[in-house]
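# Analysis of the macromolecular model
What follows is each chain in one-letter form.
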Amino acid sequence: MERNCWRQAFELTNYVFKTIGNVDIDDSDGGTSQVANTCYDKWKEILENCTEEVRDEMFTWFTSHLSCDYVIDYMEEYMEDFLMNEFRSREILEKKMAHLDEMIERQTDSTDCGKTWSSHYGYENNILKRLEIMKQLGYPEKEIRAYRRKHWRFSAVRGLEIQEDIEHGDLDEAVQILKESKELDSGYPGLVARYSEQLISIYEMQSNEKAYKEELQYYVFECPQHDLAHIQKLKAVCTEQEWEQYREQILQSRNSGSILYPFMEAERTGDRKRYRELMQYLKKISGN
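Below: a short report on this structure. (Residues numbered from 1 in each chain as written. Predicted model: local features only at pLDDT ≥ 70, side-chain atom pairs only at ≥ 80, totals over all residues. Heavy atoms only, no water.)

### Focus: helix H5 (residues 90-105)
- Taking 1.5 Å of rise per residue, 16 residues should cover 22 Å, and H5 covers 22 Å from first to last C-alpha, within 8% of that figure.
- Those residues of H5 hidden inside the fold are in contact with helix H3 (52-64), helix H4 (76-85), helix H6 (126-136) and helix H7 (141-150). (Helix = DSSP H or I, 4+ residues; strand = E, 2+ residues; numbered from the N terminus. Expected span 1.5 Å × (residues − 1). Contact = heavy atoms within 4.5 Å.)

Rendered as structure tokens:
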């Protein structure tokens, strides 16, 4: 590489990758992945510095050595990652986009378009990669937005548009997409909870007290609770009479199981009457 012998450097890197990629060893200490990552970095440096001729040879090598038992199956992920993420010429980007389209169309029942694990990059989302390639190829914004709408069923697409709306200050538009997303992804509690949290944050920024309180009620009573943060926020905007009612609902809610005892501890502090009530409730649910 120091002498700009990029083809030879590529061949030698491939030899190292093939050698480590066919050794049947326990990789619990990460030795194999460490060598594979080093090979990936060398491929990247070669690709960034070599001639167009060598670059074409590299592309041909990667496309021809996938799914042919060149290395152990999981090691092929490094090769596929490199093929999908590092080649940047227009011709290659268009080929990558066509490959992504095939994978995307197979994910009709998914909410995230097949979020996949990449050995080198971690979790990636095919449809977000496709949108990024469209930008790299210089697609007009109108076509990019049309593609998003065509694949609106995927939460990742809506999430991207929500984030852009928030960054551009289009909070009302973000609110509409979040409300729609709660309906579209109603079968996925984790996603619904995330949308609700985002709505709470936006309503707070807008000083929309009515919507803020209503969304807090929705989040507290309809979404699983993992801490007291939103419960305390709801308490702060309630009258004492309202809170007495909500407190009992929280104690009875199936979504409050993991925070029940911290909630009871917080509620009984400084109030002996409430302490006795909560102790009676604790005895009741423990069967004593």
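### Some remarks on unusual backbone geometry
- Its identity as a non-glycine residue notwithstanding, Asn4 has a phi of 60 degrees, on the positive side.
- Here Asn4 shows up in the segment before helix H1 (6-20).
- With phi around 55 degrees, Ser207 is a residue other than glycine that occupies positive phi space.
- Within the secondary structure, Ser207 is located in the loop between helix H10 (189-206) and helix H11 (209-222).

### Re the pattern of salt bridges
- Summed over all chains, the structure comprises 16 salt bridges.
- Across the pair Glu164 and Arg148 runs a salt bridge, and its minimum N-O distance is 2.7 Å. One end of the pair, Glu164, is in helix H8 (residues 155-167); the other, Arg148, is in helix H7, and 16 residues separate them in sequence.
- Accessibility expressed as a relative area gives 18% for Glu164, which makes it buried.
- Between Glu214 and Lys210 there is a salt bridge, with the nearest N and O atoms lying 2.7 Å from each other. Highlighted residues: Glu214 and Lys210, both in helix H11, separated by four residues, approximately one helical turn.
- Classification of Glu214 by relative accessible area gives partly exposed; the value is 42%.
- Overlapping salt bridges, with partners in common, bring together Arg145, Arg148, Arg149, Glu161 and Glu164 in one network. (Salt bridge = Lys/Arg side-chain N within 4 Å of Asp/Glu carboxyl O. Buried < 20%, exposed > 50% of the residue type's maximum accessible area, 1.4 Å probe, protein only.)

### Focus: the packing of aromatic side chains
- If you walk through the whole model with that rule in mind, you get 16 aromatic pairs.
- Between Phe62 and Phe87 the ring centres are 5.9 Å apart and the planes differ by 70 degrees, which places this aromatic pair in the edge-to-face class. Pair noted here: Phe62 is in helix H3 and Phe87 is in the loop between H4 and H5, with a separation of 25 residues, a long-range link.
- You can call Phe62 buried: its relative accessible area is 0%.
- With a relative accessible area of 1%, Phe87 lands in the buried category.
- Here the aromatic cluster, defined as three or more aromatic residues joined through ring pairs, consists of Phe10, Phe17, Tyr40, Trp43, Phe59, Trp61, Phe62, Tyr70, Tyr78, Phe82 and Phe87. (Phe/Tyr/Trp six-rings, centres within 6.5 Å; stacked < 30°, edge-to-face > 60°.)

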